[in-house]
Amino acid sequence: MAKDRADNADDVGAERAAALRELIEYHNDRYYADAAEIADAEFDALLRELIELETKYPALVTADSPTQHPGSTQQSTFAPVKHRVPMMSLDNAFSNEELVAWGERVERALVGGIRFVTEPKMDGLAMSLLYENGKLVSGGTRGDGRVGEDVTANVRTITEVPRTLKGKNLPSVLEVRGEVYMPLRAFEELNRRQGDAGLRLFANPRNAAAGSLRVKDVSITASRDLAMFCYQLGAKQGGPTLRTHQETLAWMRELGFQVNPRIEAHDDLESVYAFCQSMQEQRHSLGYEIDGVVIKVDDLAQREELGFTSKAPRWAIAYKFPPEERTTLLRKIQVSIGRTGRATPFAELEPVFVGGSTVGMATLHNQDEVARKDVRPGDTVIVRKAGDVIPEVVGPVVQKGKRRKPKWKFPTACPVCGSPLVRLEGEANHQCINVECPAQRVQRIVHFASRGALDIEGLGEERVSQFVREGLLVDAGDIYSLSLDRLVALERIGERSARLLLDAIEASKPQPLWRVLVGLGIPHVGPTAAQALATGVGGLDRVASATVEELVECEGIGQIIAVSVQKFFGLDRNHLVIEKLRAAGVNFDGPEPAPVIEGAASLAGVSIVLTGGLERQTREEATAALIARGAKVASSVSKKTTFVVAGESPGSKLAKAESLGVRVLDEDGLETLLSGGPDALPDLPA
Ligand code: IVH
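Residues numbered from 1 in each chain as written. Predicted model: local features only at pLDDT ≥ 70, side-chain atom pairs only at ≥ 80, totals over all residues. Heavy atoms only, no water.

**Student:** Go over the packing of helix α12 (residues 438–449) against helix α13 (residues 461–469) with me, naming the residues and quoting the values.
**Tutor:** The description of two helices packed together rests on the angle between their axes and the distance between the axes. It is at 9 Å that the axes of α12 and α13 come closest, and there the two elements cross at 130°. Relative to α13, the element α12 lies oblique. Both α12 and α13 take part in a crossing whose hand is right-handed. Residues Val442, Gln443, Ile445 and Val446 of α12 lie in contact with α13, whose contacting residues are Glu461, Val464, Ser465 and Val468. (Axes fitted to C-alpha atoms, helices over the stretch in contact; angles between N-to-C directions. Helix = DSSP H or I, 4+ residues; strand = E, 2+ residues; numbered from the N terminus. Parallel < 35°, antiparallel > 145°, perpendicular 65-115°, else oblique. Left-handed = near helix turned anticlockwise from the far one by under 90°. Contact = heavy atoms within 4.5 Å.)

Put into structure tokens, the structure is as follows:
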């Protein structure tokens with residue numbers, strides 16, 4: 001009887017799945033024929049329904065299902081998943097003292113002995129897996145801790161995630177949490193492939209893991225060799241009674257989850273600290289990235305007694321490794337030329353592995369900085385890096401009695417075009433004064449194609465340098481006259497990547513005007529000013545012909561920007577670029593309504609201030625994403641500010657926000673806002 005019912009459900013499911021597949025294939029073809037009949041959101045809904053069906057009835061997955069093809073299906077946004085038990089974060093300890101202070105607090109709060117369990121702190125992204133009656137039904141990212149993104153289809157491609165649990169006495173509901181990460185070997189291999197294809201490299205394994213998991217095309221996740229270590233349970237109904245964390249981990253292993261084999265138990269804090277030290281020494285030979293050690297109280301009843309603060313459990317703490325330092329040889333000090341001609345000195349180093357990546361170069365900012373650090377070619381220098389932070393030369397290791405080369409002098413001529421490098425009164429930087437300098441050209445074109453501007457994938461520095469060298473590009477306007485014949489005639493470009501590049505170029509033409517304004521590289525005009533010009537002044541020709549007085553009328557445009565805009569459009573060489581863009585059909589139209597990405601949350605009327613460093617995207621990318629959804633990104637906090645997004649080491653804007661009662665979001669909150677709009681943010685505790 002029960003079996004009959006199951007068969008029935010399967011039949012209905014099979015029919016629906018077949019119908020969905022047909023519909024999806026049909027609309028997919030229409031879409032690629034540029035004759036879409038339904039909105040993207042409707043298409044996504046069909047696809048999501050199919051993915052859900054296939055998740056529920058894995059037997060329905062067919063090899064030719066659109067969910068299994070590379071490229072054909074696009075899941076444009078992820079549905080929200082609400083976590084049954086909030087996913088909290090951890091408090092940090094940055095030294096042995098802080099670790100001991102935490103341990104002693106725990107000891108004071110409890111009677112009887114305490115056992116601690118220590119685990120490598122995986123540097124990946126937290127994942128919640130939900131099983132119903134032993135079957136994987138959903139996978140969600142942490143999000144803001146309460147609501148994450150539904151990435152079930154992507155998670156199902158990770159081999160280490162069991163789809164069906166092993167063993168008997170399975171709970172009816174079980175939520176297992178852990179970290180999805182990319183092993184170092186897979187990371188290196190991926191970046192090699194990205195590089196070969198002329199695509200962007202990932203900065204580190206965590207970004208690569210996040211980027212691979214949160215993609216629309218499930219087949220990309222499947223090709224990326226992600227792995228997962230589980231370390232915690234969330235919701236649980238039924239199943240065995242567990243008394244300790246160690247029992248929990250052992251049971252998770254039995255169910256089929258990967259649990260880190262390096263987890264250990266300790267009876268005292270000395271032993272805990274020794275584990276932390278030992279992990280710190282081994283951190284680069286584990287085959288995956290860790291950024292610390294998580295220490296947890298083993299006994300679950302004791303955990304209950306300790307409870308939680310508003311954001312983290314009292315029964316656990318993260319011991320974070322200090323930023324890493326290594327010494328290496330400073331081979332040379334060179335100067336690089338940016339798009340505005342700014343000459344920036346940088347250290348060319350004997351490559352050294354530090355803070356999770358190999359560092360061969362580090363910026364030295366400007367002449368005064370080199371003098372202050374007194375680093376000289378031939379010196380042994382200390383290189384420092386913490387997590388994602390840009391590597392830094394701390395200073396020289398001066399060895400007594402060892403002769404050093406003379407102090408480095410700033411070159412007087414541009415290393416690329418030979419024109420004079422000048423440092424103006426009161427300025428910290430030197431400039432190459434030749435606007436025709438090939439290095440400046442390359443950087444201007446790279447800027448035009450960058451993610452915050454026209455977003456043309458495949459036009460990175462290396463490619464653009466090659467094209468400029470070969471005479472294919474002189475300025476950004478020439479991008480639109482690149483042709484297949486000329487591209488394939490070049491070395492290191494195959495037909496496939498040439499076609500991809502041309503497609504990306506074509507796709508950039510209808511980009512909104514504000515992106516074109518950013519791409520032009522007008523001094524002082526970043527995404528916020530560009531947005532203000534596009535919405536407040538009008539089309540490109542209006543912006544170009546406006547007087548300073550007219551420009552400052554526009555909300556968000558001050559005197560400095562207005563003068564800079566007018567000066568820019570007054571130069572003949574800029575007109576040349578603009579006419580090429582016009583002839584190519586790049587969008588110049590305005591005024592632009594606050595642009596909104598179709599299907600994405602609207603942030604119209606929302607005013608945001610960013611402070612501190614973000615981990616998963618640059619400030620420019622976040623700004624562009626916010627603006628594209630209609631938000632206003634401001635530089636200072638006021639009563640009108642809706643949200644302040646505080647990243648790593650936020651500045652005084654955070655304090656200002658708190659004093660004005662402006663809501664502060666972390667990076668997860670920002671992502672929730674971008675994907676679901678203000679309504680998706682969790683309610684604040686009363
Ligand atoms: S336990 C209640 N264990 O670290 C908090 N977290 O900084 C439960 N993480 O969001 C987390 N390795 O993404 C735990 N062995 C481990 C971990 C770990 C990495 C991450 C996790 C969490 C973040 C907190």
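Here the narrative resumes, following the displayed structure.
**Student:** Lay out the sheet that holds strand β7 (residues 173–181) with the relevant residues and their values.
**Tutor:** The 4 strands lie next to each other as β5-β4-β7-β8, forming an open sheet whose pairing is antiparallel. Edge positions in the sheet fall to β5 (135–141) and β8 (227–237), since each has one partner strand and no second. This sheet shows a mean twist of 25° between the axes of neighbouring strands, independent of strand direction. Bridge count between strand β4 (residues 125–132) and β5: 6 bridges; the pairing is antiparallel. Paired with Tyr131 across the bridge in β5 is Leu136. Where helix α6 (residues 205–213) meets the sheet, its contacts fall on β4 and β7, and the angle it forms with β4 comes to roughly 40°. (Pairing = 2+ DSSP bridges.)

**Student:** Mind laying out the site of the ligand, listing which residues take part and the relevant values?
**Tutor:** Neighbouring residues of the ligand: 13 residues in total, closest Glu119, Met122, Glu179, Tyr231 and Lys296. For the ligand, an oxygen atom lies 2.6 Å from a polar atom in the side chain of Glu179. Contacts to the ligand include Lys296, whose side-chain N or O atom sits 3.0 Å from a nitrogen atom. Look at the ligand: alone it shows 520 Å² of surface, and the protein chains cover 87% of it. Class assignment of the residues belonging to the shell around the ligand gives a composition of 8 nonpolar, 1 polar and 4 charged. (Near = heavy atom within 4 Å. Polar contact = N/O pair within 3.5 Å; in protein donor to acceptor, adjacent residues only side chain to side chain. Areas by Shrake-Rupley, 256 points an atom, 1.4 Å probe, with all protein chains shown as cover. Nonpolar A, V, L, I, M, F, W, Y, C, P; charged D, E, K, R; others polar.)

**Student:** Explain the sheet that holds strand β21 (residues 643–646) residue by residue, including any values.
**Tutor:** Taken together, 4 strands build an open sheet; the order of strands is β20-β19-β21-β22 and the sheet is parallel. Edge strands, defined here as strands with exactly one partner in the open sheet, are β20 (632–634) and β22 (663–665). Pairs of neighbouring strands in the sheet enclose a mean axial angle of 30°, with direction left out of account. Across 4 bridges, the pairing between strand β19 (residues 607–611) and β21 is parallel. Following the sheet pairing, Thr611 is matched in β21 by Ala646. Across the sheet, helix α22 (residues 619–628) touches β19 and β20, and the angle it forms with β19 is around 175°.

**Student:** Explain the packing of aromatic side chains to me, using residue names and the numbers behind them.
**Tutor:** Enumeration according to the criterion identifies 11 aromatic pairs in this entry. With a centroid separation of 5.6 Å and an interplanar angle of 75°, the aromatic rings of Phe229 and Tyr288 are classed as edge-to-face. Within this pair, whereas Phe229 is found in strand β8, its partner Tyr288 is found in the loop between α9 (269–282) and β10 (290–297), the two being separated by 59 residues in sequence. On the accessibility criterion, Tyr288 (8% relative accessible area) is buried. For Arg303, the ring lying beneath its charged end belongs to Trp315, and the centroid distance is 4.0 Å. (Phe/Tyr/Trp six-rings, centres within 6.5 Å; stacked < 30°, edge-to-face > 60°. Buried < 20%, exposed > 50% of the residue type's maximum accessible area, 1.4 Å probe, protein only. Lys NZ or Arg CZ within 6 Å of the ring centre and 35° of its normal.)

**Student:** Tell me what's going on with a negative patch on the surface, and back it up with residues and numbers.
**Tutor:** There is a patch of like negative charges on the surface, built from Glu104, Glu107, Asp268 and Glu270. You can see Asp268 is positioned in the loop between β9 (264–266) and α9. The exposure class assigned to Asp268 is partly exposed, which follows from its relative accessible area of 34%. (Patch = residues over 30% accessible without salt bridge, like charges linked within 9 Å, V, L, I, M, F, W, Y side chains within 5 Å. Salt bridge = Lys/Arg side-chain N within 4 Å of Asp/Glu carboxyl O. Lys, Arg positive; Asp, Glu negative; His and termini not counted. Charge placed at Lys NZ, Arg CZ, Asp CG, Glu CD.)

So yeah, pure geometry; function would need other evidence.
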